[in-house]
Amino acid sequence: MRFPLNQIFADAVWRFVKRESVGLWNRFENSITEVMKNLGERKKYRNRAYWTVISVMALSFGGTAMGQTKAVPATNAATTASSTNVANLGNITVIGQLNQARSAIVPDLGATAYTQTKEQIETESQGGNAPFNEVILRAPGVAQDSAANGDLHVRGEHANLQYRINDVLLPEGITGFGLELDPRFVDSMQLITGSLPAQYGFRTAGVVDIHTKSGAFENGGMLDLYGGSYDTFRPSFEYGGAQGKWDYFVDGSFNQNSLGIENPTPGKNAIHDQTEQYKSFIYASRILSDTSRISVMGGASYSDFQVPNTPGLPPGTSPDGSTQWSSQMSTTNFDSANLNENQNEQNYYGIAAYQQSAGDLNYQVAAYGRMSGVHFKPDPIGDLFFNGVASDVKRDLYSGGLQADASYALGDKHTIRAGMMLLNEYLSADSTTTVFPVNNSGNPTGPAYPIPDSGVSHALFAGVYLQDEWKILPEVTINYGARFDEYYSSFYKGNQPSPRVNIVFKPTDSTTLHAGYARYFTPPPLENISTETVNQFNGTSNASSITNGISSVTAERANYFDAGVSQKITKHLQVGVDGYYKTAKNQLDDGLFGQTLILSAFNYAKGRVYGVEFTGSYNQGGFAAYANLAWSQAWGKNWNSAQFLFSPNDLAYVQNHYIFLDHDQRVTGSFGVSYNWREGSHCSTLLYADALCGTGLRQSMDANSYQYQGNSYAVPNGASVPQYYSINIGAAQSFKLARDRTLTARIDVVNLTDNIYQLRSGSGVGVNAAQYGERLGFFGSLNLMF
């Protein structure tokens, strides 16, 4: 059915919007700042502003509603947030060739790679407005977790992910509640796992390789208003273009909602869980010649989180339960629903790169820097009342370094690749921990007092690699080589040569087999707690039960084996299976200990992780579907560092027994289907559904117990939380306007069945609170592309 469009009126509105947009946006920001002083008024204003803007845009930009189509990864009006205006053809050709050359410098040959394009992201739950980790969760072997525990786990690893932007390393930051990355600036991204080629070092559980949008192909802009359940309000914009030899792209967003961190209760609405998040990204590139360019990238994020509360908690007591902490306080009653813990996170990074493609030689040299900061602020009274400890913790991590990668085609059969990276990190850590003095039984003996602690530490990462891609036969390619890594920090130093080899066999055009081996060297994060810091709390309510035999966190050294096959059954249907096995010495892990929400690292003397992944995808016309199913197990034995984090009984048990790692999930699945019905060359309607499911992460339960000194204790990580699933659906309808402008209306329904499921129970190694998955939510957006 067609609806008439008043072209003159639409053009007039467009000219007004374009002329007044800067002033309107500034006034909008000032208004938001003013009303945010009062929470109730803020919510009232936000809802009124959101629905007023949607109504005005819908009435003013009315157009022709069309039918449906979608073909992944083909671009169309309903599934892309970018203009299709044409830029200079010559520059586009050069940029395209340089992009291909850059990808050839550091290929994923022999590894397992899962690719998502910007079009595919739009066919997933919440599209470009989804948190970045939600996009990664659609890849095989990625298990869902709470934001406090790192959001996700790849192939049985807690963290150990490496992020790259346009093939340049993004230095790691301090782990917080959310990534500073935004799906809006992604043109395509890969999750690379398995036996990685030699160019990838240090963080090797997986590589998230992002290729960004650029002004050469995104010549235009976008304004988006997104909102809905949980008081969600998320305006965003992006704009790209080309001018002479330059092309550029910029985006930004503001996100405000009342579900910043997962709810610790099964209820729909969390208590004290507001968040405000600002994110931006900028990219610029200049063509120097037909074979070279320079590019600069930068990003910033600033986020505030309230830590959600659990109502009805009993007063906290000393370890034997005989004395309440409040016995030494003037406060004798405190409602846990009124706790006021908060966390601020800031991340800023910049990258500058030079790329040259000269015949058989291709190379890229880049410099990068990053600042990452986290500040946890306790409730100074409430935390003492319930926990006997109130910790104010601030950490700032500064990183800078260089990276160089090159490839040289040595005839038809060999391509030599080599490179290096250098990264220097500097950490400033400040804390003030308020504690009670205690006697030998752990009972408080006096009023609380603060213990300040501050310090700095540094780390140097250096790595070099050399490898050869050898085409032995037309159907067989071997990629073999090695890297050497050196790590030196304030508390640990070590190095390792790491051989790598991958074999790819392609017997037919539709069948590809691969197998590989990689030796990995994974240094610990710089945020290490020293023995001196631990000893400061002896005789206090924050004292550790373990005071002797404490070792510093050390580097993990692992052997990794991977093999798989991919089969194109038809030109539309492809399936694959991949298996992996890892053995590790000093298996690294992270957890939340105490009351702060900043992860602490520790080692298992031995670790083993193994599993298998099944994947399938189907694309024909406007229909697309995918299915990923993974089975894995992750084990560790004997905590041999940071022993002060654990109880004596658990420490003794794990010394002689393998236990599941807390982030182990036996079965993980992700599924999706979408269809785009298109009419002519105008607009389209996108319909999609997707789902995530799993058998649950680990927890400790008394039903699975052991004996220690005549007492019964739960086996650490000896059970799992219940299995879960979450089904999401949505639709997007585009309206073609004049002058290549498109208005898209979208609706997303998250957790369609309102399934109540637990991500964490509050028990388990390094798990200090319960967290539940997001309940049923309705969200909508209007997107104007110009």
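All values derive from a computational prediction rather than experimental measurement.

**Observations concerning the packing of aromatic side chains**
Consideration 1: In total, this model carries 30 aromatic pairs according to the counting rule given.
Consideration 2: Relative to Tyr 278, the ring of Phe 254 lies with its centre 4.8 Å away and its plane at 45°, an arrangement referred to as tilted. Highlighted residues: Phe 254 in strand β12 (residues 246-257) and Tyr 278 in strand β13 (residues 275-289), separated in sequence by 24 residues.
Consideration 3: Judged by its relative accessible area of 8%, Phe 254 falls in the buried class.
Consideration 4: In this structure Tyr 278 comes out as partly exposed when scored by relative accessible area, which is 35%.

**Brief notes about the pattern of salt bridges**
Between side chains of opposite charge, a pair can form when the charged atoms approach closely.
Consideration 1: All chains considered together, the criterion is met by 23 salt bridges.
Consideration 2: A salt bridge links Glu 134 to Arg 138; the nearest nitrogen and oxygen atoms lie 3.1 Å apart.
Consideration 3: Beyond isolated ion pairs, a larger network of salt bridges with shared partners links Arg 155, Asp 562, Asp 578 and Glu 613.

**A short note on helix α8 (residues 648-656)**
Consideration 1: Within α8 the residues assigned to the buried category are Asn 649, Asp 650, Leu 651, Tyr 653 and Val 654.
Consideration 2: Here the buried face of α8 lies against β25 (600-620), β26 (623-639), β27 (658-660), β31 (705-708) and β32 (711-714).

**Digging into the nonpolar core**
Consideration 1: Phe 132, Ile 136 and Leu 181 are the most contacted members of the largest nonpolar core, which has 51 residues in total.
Consideration 2: Ignoring any residue separated from it by four or fewer positions in sequence, one finds Leu 181 in contact with Phe 132, Tyr 163, Ile 165, Leu 170, Ile 210, Lys 279 and Tyr 349.
Consideration 3: Within the second largest apolar cluster, 35 residues are counted, among which are Tyr 200, Ala 601, Val 609 and Val 765.

**Quick look at the side chain of Thr 112**
Consideration 1: Counting through the fold element by element, Thr 112 comes out in strand β3 (residues 112-117).
Consideration 2: Only 3.0 Å separates the side chain of Thr 112 from the side chain of Asp 578, close enough to count as a polar contact.
Consideration 3: Residues in contact with Thr 112, not counting those within four places in the same chain, are Arg 155, Leu 191, Ile 192, Thr 193, His 514, Asp 562 and Asp 578.

Quick notes on the rules
- Residues numbered from 1 in each chain as written.
- Predicted model: local features only at pLDDT ≥ 70, side-chain atom pairs only at ≥ 80, totals over all residues.
- Heavy atoms only, no water.
- Phe/Tyr/Trp six-rings, centres within 6.5 Å; stacked < 30°, edge-to-face > 60°.
- Helix = DSSP H or I, 4+ residues; strand = E, 2+ residues; numbered from the N terminus.
- Buried < 20%, exposed > 50% of the residue type's maximum accessible area, 1.4 Å probe, protein only.
- Salt bridge = Lys/Arg side-chain N within 4 Å of Asp/Glu carboxyl O.
- Contact = heavy atoms within 4.5 Å.
- Core = buried A, V, L, I, M, F, W, Y, C linked by side-chain atoms within 4.5 Å.
- Polar contact = N/O pair within 3.5 Å; in protein donor to acceptor, adjacent residues only side chain to side chain.

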